[in-house]
Amino acid sequence: YGGMGLDFSYNIAVAEELGNIRCGGIPMAIGVQSGMATPALTRFGSDELKKQFLVPTIAGDFVACLGVSEAGAGSDVANIKTTAVRKGDDYVINGGKMWITSGSQADWMCLLANTSEGPPHQNKSLICLPMNLPGIHVAKKIDKLGMRSSDTAQIFFEDVRVPCKNLIGEEGNGFTYQMLQFQEERLWGVASALTPMETIIQETIDYTRQRKVFGQPVLHNQAVHFRLAELAAEVELLRSLLHRAVALYVEGNDVTKFASMAKLKAGRLSREVTDSCLQFWGGMGFTSEVLVSRLYRDFRLMSIGGGSDETMLSIICKYMNILPRK
């Protein structure tokens, strides 16, 4: 379908390298294409669907978005309200999606919708939805704290008709497909945060070496250089966890627990790194002229998007048999 036939570890290598881009929004947009909106289509979609949607997405001719979150259902995916009701050979879609990355420019959406009245984990399906159909309303581009180079949209559906053949896999399996898709999304997110954290630690070292306070470089304070060393060690530990999870995933293992642990740690560590480093930049850190302030804003999303910290903790607890699995 136009790809190179490489395993998922290459996606992660790309994600780490994209971290050299000096903002979070562009790598995130690319990640939506390769690790968030397309894995389910790649794994479960028909040959016809792959030719129609996957081929131009891989080629870069189509922009894809993922339609899961709603105003009342962010991390609580089971609670989505958007419906896709069969009428003849079509699904008729009504509802709306919120916080959709690339939603203002997307050519198609990997849409999660309720296709029956059954239990919430068994009544959902994934559908390839062209974004130029009548009844699709992109309400607005959302103004955000960070990731400001990424367009994030609120979208409404009013009696949108899409062919039933656009169903990905089997009807009713959408929740399961999406949970599998989330694992690649979360691993990509972790990988994309590693290089920016390394970059900002190094830039903080360079800045505090030349910035003098009370007659000596800020870096020469033990509290400063010990803290930077500690943060660097934490980043390396996160990288090791990520690479272990990816290796297991490539071998075909369920890495939900490790992916959730890595996502949790990435969200918290990216906040810790950017906050600590910004403090050492002093007044300059509070301006928009330096990278640390941008990453401070951009990577605050890591603990929210793709499953919040609290959701990751709940998943980890279930896999550790602390809480019953649903």
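Rules used throughout
- Residues numbered from 1 in each chain as written.
- Predicted model: local features only at pLDDT ≥ 70, side-chain atom pairs only at ≥ 80, totals over all residues.
- Heavy atoms only, no water.
- UniProt positions renumbered as here; feature names shortened; annotations may be inferred.
- Helix = DSSP H or I, 4+ residues; strand = E, 2+ residues; numbered from the N terminus.
- Rg over C-alpha atoms; globule rule 2.2 N^0.38 Å.
- Buried < 20%, exposed > 50% of the residue type's maximum accessible area, 1.4 Å probe, protein only.
- Contact = heavy atoms within 4.5 Å.
- Areas by Shrake-Rupley, 256 points an atom, 1.4 Å probe, with all protein chains shown as cover.
- Lys, Arg positive; Asp, Glu negative; His and termini not counted.
- Charge placed at Lys NZ, Arg CZ, Asp CG, Glu CD.
- Salt bridge = Lys/Arg side-chain N within 4 Å of Asp/Glu carboxyl O.
- Polar contact = N/O pair within 3.5 Å; in protein donor to acceptor, adjacent residues only side chain to side chain.
- Domains from an automatic or database assignment.
- Buried area = accessible area lost by both parts, 1.4 Å probe.
- Nonpolar A, V, L, I, M, F, W, Y, C, P; charged D, E, K, R; others polar.
- Expected span 1.5 Å × (residues − 1).
- Bend = angle between axes of the 7 residues up to and from the residue.

Named according to an unreviewed UniProt entry, the protein is IVD dehydrogenase originating from Calcarius ornatus. Check the Pathway (unreviewed entry) section of the UniProt entry for the protein; it says "Lipid metabolism; mitochondrial fatty acid beta-oxidation." The UniProt entry for the protein carries this comment under Sequence similarities (unreviewed entry): "Belongs to the acyl-CoA dehydrogenase family."

Q: Before we move on, could you go through the overall build of the protein and cite the residues and values that matter?
A: Scanning the protein for helices and strands turns up 9 helices and 10 strands. Taking 20 Å as the expected radius of gyration for a compact globule of 326 residues, we find that the protein reaches 21 Å, a close match to that expectation. The dimensions of the protein, computed from C-alpha atoms along their principal axes, are 80 × 40 × 40 Å. Per-residue burial over the protein gives 50% buried out of 326 residues. Sequence separation of 24 or more characterises 74% of the internal contacts of the protein that already satisfy a separation of 6 or more. Looking at the protein as shown, the accessible area adds up to about 15300 Å², and 54% of this sits on carbon and sulfur atoms. In the protein, 33 positive and 34 negative side-chain charges are present, and the distance between their average locations comes to 4 Å.

Q: Quick rundown of the UniProt feature "domain: Acyl-CoA dehydrogenase/oxidase N-terminal" (unreviewed entry) in the protein? Include the residues and the values.
A: Following the UniProt record, the feature "domain: Acyl-CoA dehydrogenase/oxidase N-terminal" (unreviewed entry) maps to residues 1-61 here. Segment residues 1-61 splits into 69% helix and 0% strand. End C-alpha atoms: 13 Å apart.

Q: Which residues make up the side chain of Lys263, and what are the values?
A: Looking at where Lys263 falls in the secondary structure, it is placed in helix α7 (residues 256-281). Nearest to the buried, unbridged Lys263 among oppositely charged side chains is Asp309, at 5.0 Å. Engagement of the side chain of Lys263 in a polar contact is seen with the backbone oxygen of Gly307, the distance being 2.7 Å. Apart from the residues lying within four places of it in its own chain, the contact partners of Lys263 are Arg186, Val190, Met302, Ser303, Gly305, Gly306, Gly307 and Met312.

Q: A description of the domain arrangement of the protein should follow, citing residues and the corresponding values.
A: Domain boundaries assigned for the protein yield domain 1 (37-166) and domain 2 (176-320). Computed from C-alpha coordinates alone, the two centres of domain 1 and domain 2 are separated by 29 Å. Facing the 18 residues of domain 1 at the interface are 17 residues of domain 2. Of the roughly 1400 Å² buried where domain 1 meets domain 2, counting both sides, 63% is carbon and sulfur surface. Considering only the surface of domain 1 that becomes buried against domain 2, Phe44, Ser75 and Met147 emerge as the three largest contributors, covering 34% of it. Put simply, domain 1 and domain 2 have 1 salt bridge between them. The residue Arg43 makes a salt bridge to Glu184 at a minimum N-O spacing of 3.2 Å. Elements supplying a minimum of two residues to the side of domain 1 that touches domain 2: α3 (39-44) and β4 (108-114). With 4 residues, the top contributor of residues to the side of domain 1 that touches domain 2 is α3. Of the residues belonging to the side of domain 1 that touches domain 2, the class tally is 12 nonpolar, 4 polar and 2 charged.

Q: So what about helix α4 (residues 47-59)? Which residues, and what values?
A: Compared with the 18 Å implied by 1.5 Å per residue over 13 residues, the 17 Å span of α4 between its first and last C-alpha is a close match. Largest kink in α4: about 35°, centred on Phe53, with the proline Pro56 one to four residues after it. By the burial criterion, the buried members of α4 are Leu49, Lys50, Phe53, Leu54, Pro56 and Thr57. Those residues of α4 hidden inside the fold are in contact with α2 (25-36), α3, β1 (64-67), β4, β5 (124-130) and β8 (167-168).

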